[in-house]
Amino acid sequence: MSNSIEGKVVVITGASSGLGEATARMLATQGAAVVLGARRAERIQALAAELVAAGGKAIAVTTDVTDAAQVQRLVDRAIEVHGQVDVLINNAGLMPQSLLERLKIEDWDRTIDVNIKGVLYGIAAVLPHMQQRKSGQIINVSSVAGHKVRAGGAVYAATKHAVRVISEGLRQEVKPYNIRTTVISPGAVDTELPDSATEADVRENMRKYYADVAIPADAFARAVVFAMQQPEDVDINEILFRPTRQEY
Ligand code: NDP
């Protein structure tokens, strides 16, 4: 795998907004072929059309990451069109935070299904292909909440800790296959993430906090580019970044 972005085939889950969308834009501009997955088909189709119209390479595949078969279909489509997958970015996620005493069991289930199982399904979908090629990079998105927890964030933080643990286990297991593994843990970035809160008071507080603190999604896309651009013998395993003004 070369250390340039140009020509790489990159599958991105959660590409319909926020970090995934910003990353798709930056990578396509730099010559990658991006394969966009998310549930909102019209959003990823419009983004792919826009990137292609600007001279880039992009396709959209409607994908719900809680369904392993759909994640496999996303990856298979990338291989069918481009012959290979160089990078998978397991980015899809949500953050419906609330105190445990509110007993939002449906939120807990969804958060675990998307943030943990979705990542595992992504790994399952690309691993045999990357093992066979003895090349590839899997980038998983954790969070500052993958490093610490506070009241209201127990389940979300648990899922983001899990992403880091899974990534470290994966890192050790894929040594024989020359596969690189990267975890990126952002602080507050200006995306639609606060909208995923189902409790109105939590959502409002989150929106206010993000309005005060969050930085543009390009910060994340640049971290992806940095990790992808290293020479093949350099494996950037973890990047943790925050807005300079973020205390938590
Ligand atoms: P957004 O809400 O803007 O984007 C979330 C993306 O995930 C959307 O594209 C959404 O697409 C997708 N998604 C949600 N559920 C599913 C699903 N079941 N199947 C497929 N895609 C799904 O938030 P961000 O861009 O901020 O979030 C991206 C990642 O970054 C998440 O993992 C989040 O936890 C992480 N993160 C974000 C931070 C921030 O401050 N923004 C900080 C730390 C981590 P669709 O609804 O179309 O399916």
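Procedures and definitions
- Residues numbered from 1 in each chain as written.
- Predicted model: local features only at pLDDT ≥ 70, side-chain atom pairs only at ≥ 80, totals over all residues.
- Heavy atoms only, no water.
- Axes fitted to C-alpha atoms, helices over the stretch in contact; angles between N-to-C directions.
- Helix = DSSP H or I, 4+ residues; strand = E, 2+ residues; numbered from the N terminus.
- Left-handed = near helix turned anticlockwise from the far one by under 90°.
- Contact = heavy atoms within 4.5 Å.
- Nonpolar A, V, L, I, M, F, W, Y, C, P; charged D, E, K, R; others polar.
- Near = heavy atom within 4 Å.
- Polar contact = N/O pair within 3.5 Å; in protein donor to acceptor, adjacent residues only side chain to side chain.
- Areas by Shrake-Rupley, 256 points an atom, 1.4 Å probe, with all protein chains shown as cover.
- Salt bridge = Lys/Arg side-chain N within 4 Å of Asp/Glu carboxyl O.
- Parallel < 35°, antiparallel > 145°, perpendicular 65-115°, else oblique.
- Buried < 20%, exposed > 50% of the residue type's maximum accessible area, 1.4 Å probe, protein only.
- pLDDT = per-residue confidence, 0-100.
- Pairing = 2+ DSSP bridges.
- Right-handed = clockwise from strand over helix to strand, strands pointing away.

1. Quick look at the packing of helix α3 (residues 68–82) against helix α4 (residues 105–133)
Item 1. Running from N to C, α3 and α4 cross one another at 40 degrees; their axes reach a closest spacing of 8 Å. Handedness of the crossing formed by α3 with α4: right-handed. Residues A68, V71, Q72, V75 and I79 of α3 lie in contact with α4, whose contacting residues are Y121, G122, A124, A125, V126 and H129.
Item 2. Of the residues belonging to the contact of α3 with α4, the class tally is eight nonpolar, three polar and no charged.

2. Some words on the site of the ligand
Item 1. Around the ligand sit 30 residues, and of these S16, R39, Y156, T191 and Y210 come closest.
Item 2. G14 places a polar main-chain atom, nitrogen or oxygen, 3.0 Å from an oxygen atom of the ligand.
Item 3. Taking T191, its side chain carries an N or O atom lying 2.6 Å from an oxygen atom of the ligand.
Item 4. Across the complex, the protein chains shield 96% of the 870 Å² of accessible surface that the ligand would expose by itself.
Item 5. Taken together, the elements giving at least two residues each to the shell around the ligand come down to α1 (18–29) and α5 (154–173).
Item 6. Partitioned by chemical class, the residues of the shell around the ligand number 13 nonpolar, 12 polar and five charged.

3. Section: the pattern of salt bridges
Item 1. All told, the structure shown has 16 salt bridges when counted by the stated rule.
Item 2. Connected via shared salt-bridge partners are R102, K104, E199 and D201.

4. Re the packing of α1 against helix α2 (residues 41–53)
Item 1. Axis separation between α1 and α2 bottoms out at 10 Å; the angle between their running directions is 20 degrees. By the angle class used here, α1 and α2 are roughly parallel. Of the two possible hands of crossing, α1 and α2 adopt the one that is right-handed. Taken together, the residues of α2 that come into contact with α1 (itself represented by E21, A24, R25 and A28) are L47, E50 and L51.
Item 2. Classifying every residue of the contact of α1 with α2 by side-chain character gives four nonpolar, no polar and three charged.

5. Description of the environment of A48
Item 1. Looking at the element boundaries, A48 is found in helix α2.
Item 2. The class for A48 is buried, based on a relative accessible area of 7%.
Item 3. In sequence terms A48 and V225 are 177 residues apart; their C-alpha atoms lie 19 Å from each other.
Item 4. Apart from residues no more than four positions distant in its own chain, A48 is found in contact with L36, A58, I59 and A60.

6. Considering the confidence of the model for the protein chain
Detailed reading of the predicted model is not advised wherever pLDDT is low.
Item 1. Considering every residue of the protein chain, the mean pLDDT works out to 97; 100% of them sit at 70 or more.
Item 2. Here helix α6 (residues 200–213) stands out as the least confident element of the protein chain, with mean pLDDT 97; strand β1 (residues 9–13) is the most confident, with 99.

7. Notes on unusual backbone geometry
Item 1. The backbone of K134 shows a phi angle near 50 degrees, a positive value even though the residue is not glycine.
Item 2. Positive phi, close to 60 degrees, is recorded for N178, a residue that is not glycine.
Item 3. Looking at N178, the relative accessible area reads 35%, which means it is partly exposed.

8. Let's talk about the pairing of strand β3 (residues 57–62)
Item 1. In this structure, strand β2 (residues 33–38) lies alongside β3, joined through six bridges in parallel fashion. Pairing of L36 across the sheet is with A60, part of β3.
Item 2. Viewed along the sheet, the connection from β2 through α2 into β3 turns out right-handed.

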